[in-house]
Amino acid sequence: MADLAHHIEDFAGRLPLVASCRIHNLAGISPGALQGAIENLSLKANGVGVIAVDHPRTRNILRELVEAGIRLVTLVSDVPAAPRSAYVGIDNRVAGRTAALLMGRFLGGRIGHLAMVVGSRSYRGHEEREMGFRSVLAEEFPNLTVSSAVEINDEPDASYSATMKALHNEPELLGIYCVGAGRSGVAKALLEAKPRRKPVFICHDLTRETRRYLVDDLADVVIDQNARLIAEQAVIRLLGSIASSAPYLTKKFIEPRLIMKENVPVQ
């Protein structure tokens, strides 16, 4: 999120069409936190980008925002029932399916158990990744069973505890899929537990810490949603929706990148 905010401010600051750009850091993921940020918007605001949970109160807050004449785009995790002009991000269900395909191919027909660390199912994107992951396992890899799926609300301490418990309960655990944040907790548990055979570890988002996990052979694959491209497209889409009379723009997903230790890009 910090990378995304940085790229938004940097790109918006280089565009003469953008008079100002302000990032509002929410106090939490609840609709109430979003409401507080909306109430602090400048009266001159023409467009707003949000990362929000898909909840009835959230949808109502966003509906009222658009009815007030402000253009809206959702980022990273969609809220389809909200009257947004566009969603900017990856297809999260496809991302989850991709993670399962990679997990199955890496494990090469072995039979055993997997663990999932889910950020928060309140985010539609996390829910879609989990659905996609489970779908491909059922379709193509019935030899792999998810024996543990813990929702950790993106808290590293919770992901650490969940991973330590999974490794204790399943000494021969074959793989771990981290759906959202909480990657650092998984990595810490793997380092401390030192399992006889390290589980395949797949997570999302290329950051300073996940770069290190890749080169240190802690993580096997990072499915990256490209924060810079999402930031640039969010600003472009907001400008386009402000200039256009059409309420909705053409839907186009950001293509995720598969990053392994041999193709980590330059920062």
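The preceding data block contains the structure.
So, a few notes on the structure that sits alongside this text. (Residues numbered from 1 in each chain as written. Predicted model: local features only at pLDDT ≥ 70, side-chain atom pairs only at ≥ 80, totals over all residues. Heavy atoms only, no water.)

### What about the side chain of T163?
Worth spelling out the cut-off: Runs of E in the DSSP output that reach at least two residues are strands. Runs of H or I that reach at least four are helices, and both are numbered from the N terminus. Contacts are residue-level and defined by heavy atoms, with any inter-residue pair within 4.5 Å sufficient.
Tracing the backbone shows T163 in helix α6 (residues 156-169). Contact partners of T163, with chain neighbours within four places excluded, come to V117, I176, V186 and A189.

### Some words on unusual backbone geometry
Trans is the prevailing form of peptide bonds, just as negative phi is the prevailing case for residues other than glycine. Here the phi dihedral of V76 falls at roughly 70 degrees; this positive angle occurs in a residue that is not glycine. Summarising the element assignment, V76 is placed in the loop between β2 (71-75) and β3 (86-88). Unlike most non-glycine residues, D205 shows phi in positive territory, near 80 degrees. When you line up the elements, D205 lands in the loop between β7 (200-204) and α8 (208-215).

### A look at the nonpolar core
Counted only if it meets this: Among the buried residues, those of types Ala, Val, Leu, Ile, Met, Phe, Trp, Tyr and Cys that are joined through side-chain atoms within 4.5 Å form a nonpolar core. Burial classification: accessible surface area is computed with a 1.4 Å probe over protein chains only, and a residue below 20% of its type maximum counts as buried, one above 50% as exposed, and the rest as partly exposed.
By size, the foremost hydrophobic cluster in this structure holds 39 residues, and its most contacted members are L75, M103, L114, F133, L137, Y177 and I202. In terms of residue count, the dominant contributor to this core is helix α4 (residues 92-107) (six residues). If you look at the next biggest cluster of nonpolar residues, it comprises 21 residues, including A166, V186, A187 and L218.

### Some points on the pairing of β7
Under the convention used in this document: Seen with its strands pointing away from the viewer, a crossover is right-handed when the path leading from the first strand over the helix to the second is clockwise. When DSSP finds two or more bridges between a pair of strands, those strands are recorded as paired.
Counted residue by residue, β7 has five buried out of five residues, so it is predominantly covered. Where burial is concerned, the two faces of β7 agree: the one with V200, I202 and H204 and the one with F201 and C203 are both buried. With respect to chirality, the unit in which strand β6 (residues 175-178) leads through helix α7 (residues 183-193) into the neighbouring parallel β7 is right-handed. Of the pairings in the sheet, the one linking β7 to strand β8 (residues 221-224) comprises three bridges and is parallel in character. From the neighbouring strand, I202 faces β8, where its bridge partner is V221.

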